[in-house]
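As a plain string of letters, each chain reads:
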Amino acid sequence: MSTLSPHNPSTPSRTAAKTVFASVCLAALLALQACGSMQPTGDGGGASGAAAPALNAFRAEQGLSALAPDPQLEQAALQQARYMAAAGRMEHKTGWGKDFATRVRANGIAGAAAENIAAGRMDTARVLNTWENSPPHRRNMLDRRFTRFGLAYVRDGKNSDWRYWAMVLGK
């Protein structure tokens, strides 16, 4: 099963809409999961450098400037991916009660920020494509306020084909 969830702390929560959206995304990702095999990009960790050309080509198509890979944001993304892999579930709030806004502050990230997360049998290209085709994730990736990003994943301990992904975007 694959799911994904966007988070932008500046927008109000809409529980019913999120539930419907999550159901639609789940169905779409299950279909994607069956398509093709994964092309490994490593054992886990930072993927910002590998993602930058595709992410910035996507932004350029929309008339936007490039995002710079940022080690601070990549570290924040890697922390979230590690948490999700350890917990065996994908969610923005950690089991320690730390939501996205708390984690951003704890990592010294100031200003506007957003997070995209995903889980499944996906390589870098597939996770970016999935987010590009999901309106809330796409909105985060195309937000004009953002100038930098960090992308990371961690493989599931029981199934190395399964990855937990996190992207943190910021100013």
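Quick caveat: nothing in here was measured; it's all calculated off a predicted structure.

**Student:** Describe the confidence of the model for the protein, and please don't skip the residues or the numbers.
**Tutor:** Of all residues in the protein, 70% attain a pLDDT of 70 or more, and the chain-wide mean is 77. Within the protein, helix 1 (residues 15-33) has the poorest average pLDDT of any element, 37, and helix 6 (residues 135-141) the best, 97. Within the model, the stretch residues 1-5 combines pLDDT values under 50 with 32 contacts to residues more than four positions away or in other chains. Confidence drops under a pLDDT of 50 for residues 7-42, and excluding neighbours within four residues, the segment shows 56 contacts in the predicted structure.

**Student:** Requested: an account of the environment of Arg144, with residues and values cited.
**Tutor:** Tracing the backbone through its elements, the reader meets Arg144 in the loop between helix 6 and strand 5 (148-155). C-alpha of Arg144 to C-alpha of Lys171: the two residues are 27 residues apart in sequence and 9.3 Å apart in space.

**Student:** Help me get a handle on the nonpolar core, residues and values and all.
**Tutor:** Grouped together as the largest cluster of nonpolar side chains are 23 residues, with contacts concentrated most on Trp131, Met141, Phe149, Leu151, Trp165, Met167 and Leu169. When contributions to this core are tallied by element, the ones reaching two or more residues are helix 2 (48-61), strand 4 (113-120), helix 5 (124-132), strand 5 and strand 6 (163-170). With four residues, the single largest contributor to this core is helix 2. Among all residues touching Met167, those that are not within four sequence positions of it are Leu55, Ala77, Ala114, Glu115, Asn116, Leu128, Trp131, Met141, Phe149, Gly150 and Leu151. Core analysis: the next-biggest nonpolar cluster, separate from the first, contains 20 residues, Ala76, Ala81, Tyr83 and Phe100 among them.

**Student:** Describe the pattern of salt bridges, with residues and values.
**Tutor:** According to the stated counting rule, one finds two salt bridges in the structure shown. Linking Asp143 and Arg145 is a salt bridge whose minimum nitrogen-to-oxygen distance equals 2.7 Å. We classify Asp143 as buried; its relative accessible area is 13%. Taking the relative accessible area as the measure of exposure, Arg145 reaches 36% and is therefore partly exposed.

**Student:** Before we move on, could you go through the side chain of Asn116 and cite the residues and values that matter?
**Tutor:** Relative to the helices and strands, Asn116 resides in strand 4. Here Asn116 falls in the buried class, since its relative accessible area comes to 0%. Within the structure, the side chain of Asn116 is placed 2.8 Å from the side chain of Asn140, a separation counted as a polar contact.

**Student:** Describe helix 5, and please don't skip the residues or the numbers.
**Tutor:** Residues lying three or four places apart along an α-helix face the same way, a consequence of the helix completing one turn every 3.6 residues. Burial within helix 5 is extensive, with seven of its nine residues counted as buried. Turning to helix 5, its buried residues are Thr124, Arg126, Val127, Leu128, Thr130, Trp131 and Glu132.

**Student:** How would you summarise the packing of aromatic side chains if you had to cite specific residues and measurements?
**Tutor:** The full count for this structure, using the stated rule, is one aromatic pair. Summarising the aromatic geometry, the rings of Tyr153 and Trp165 are spaced 4.8 Å apart at their centres and angled 40° between planes, so their arrangement reads as tilted. Of this pair, Tyr153 sits in strand 5 while Trp165 is found in strand 6, placing the two residues twelve residues apart along the sequence. Residues Tyr153 and Trp165 agree in their burial class; the two are buried. One cation-aromatic arrangement involves Arg163 over Tyr153; the distance from NZ or CZ to the ring centre is 4.2 Å.

**Student:** Before we move on, could you go through the environment of Trp165 and cite the residues and values that matter?
**Tutor:** Classification of Trp165 as buried rests on a relative accessible area of 0%. Taking the C-alpha atoms as reference points, Trp165 and Arg82, separated by 83 residues in sequence, lie 9.0 Å from one another. Reaching out from Trp165, the side chain makes a polar contact with the backbone oxygen of Met122 at a distance of 3.3 Å.

**Student:** Please set out the pairing of strand 5 residue by residue, giving values where relevant.
**Tutor:** When you tally the buried positions in strand 5, you get eight out of eight residues, the bulk of the element. Side chains of strand 5 alternate between two faces, with Arg148, Gly150, Ala152 and Val154 and Phe149, Leu151, Tyr153 and Arg155 buried alike. Where strand 3 (residues 68-69) and strand 5 come together, two bridges link them in parallel fashion. If you follow Ala68 over to strand 5, its bridge partner there is Arg148. Pairing of strand 5 with strand 6, which is carried by eight bridges, proceeds in the antiparallel orientation.

Basis of the calculations
Numbering of residues begins from 1 in every chain and follows the order in which that chain's sequence is written. In view of the model being predicted, local features appear only for residues whose pLDDT reaches at least 70, and side-chain atom pairs are presented and counted only at 80 or more, with totals across whole chains, interfaces and linings using the full set of residues. With hydrogens and water stripped out, all remaining heavy atoms of the structure feed into the side-chain values. Confidence of the predictor at the level of single residues is given by pLDDT, which spans 0 to 100. Helix numbers and strand numbers start at the N terminus; a helix is a DSSP run of H or I with at least 4 residues, a strand a run of E with at least 2. By the convention used here, residues are in contact when the closest approach between their heavy atoms is within 4.5 Å. Working definition of a nonpolar core: buried Ala, Val, Leu, Ile, Met, Phe, Trp, Tyr and Cys residues. They are joined through side-chain atoms within 4.5 Å. Three exposure classes are used, based on accessible area relative to the maximum for each residue type with a 1.4 Å probe and protein chains only: buried under 20%, partly exposed in between, and exposed over 50%. Every case where a carboxyl oxygen of Asp or Glu lies within 4 Å of a side-chain nitrogen of Lys or Arg is listed as a salt bridge. A 3.5 Å cut-off defines polar contacts: any pair of N or O atoms within that distance qualifies, except that in protein one atom must be a possible hydrogen donor and the other a possible acceptor, and neighbouring residues in sequence count only when both atoms are side-chain atoms. Only the six-membered ring of Trp is used, alongside the rings of Phe and Tyr, when aromatic pairs are assigned; centres must lie within 6.5 Å, and planes under 30 degrees apart are stacked while those over 60 apart are edge-to-face, with the rest tilted. Remark: a charge is flagged as sitting over a ring if the NZ atom of Lys or the CZ atom of Arg is within 6 Å of the ring centre and within 35 degrees of the ring normal. Only strands joined by at least two bridges in the DSSP assignment are considered to pair.

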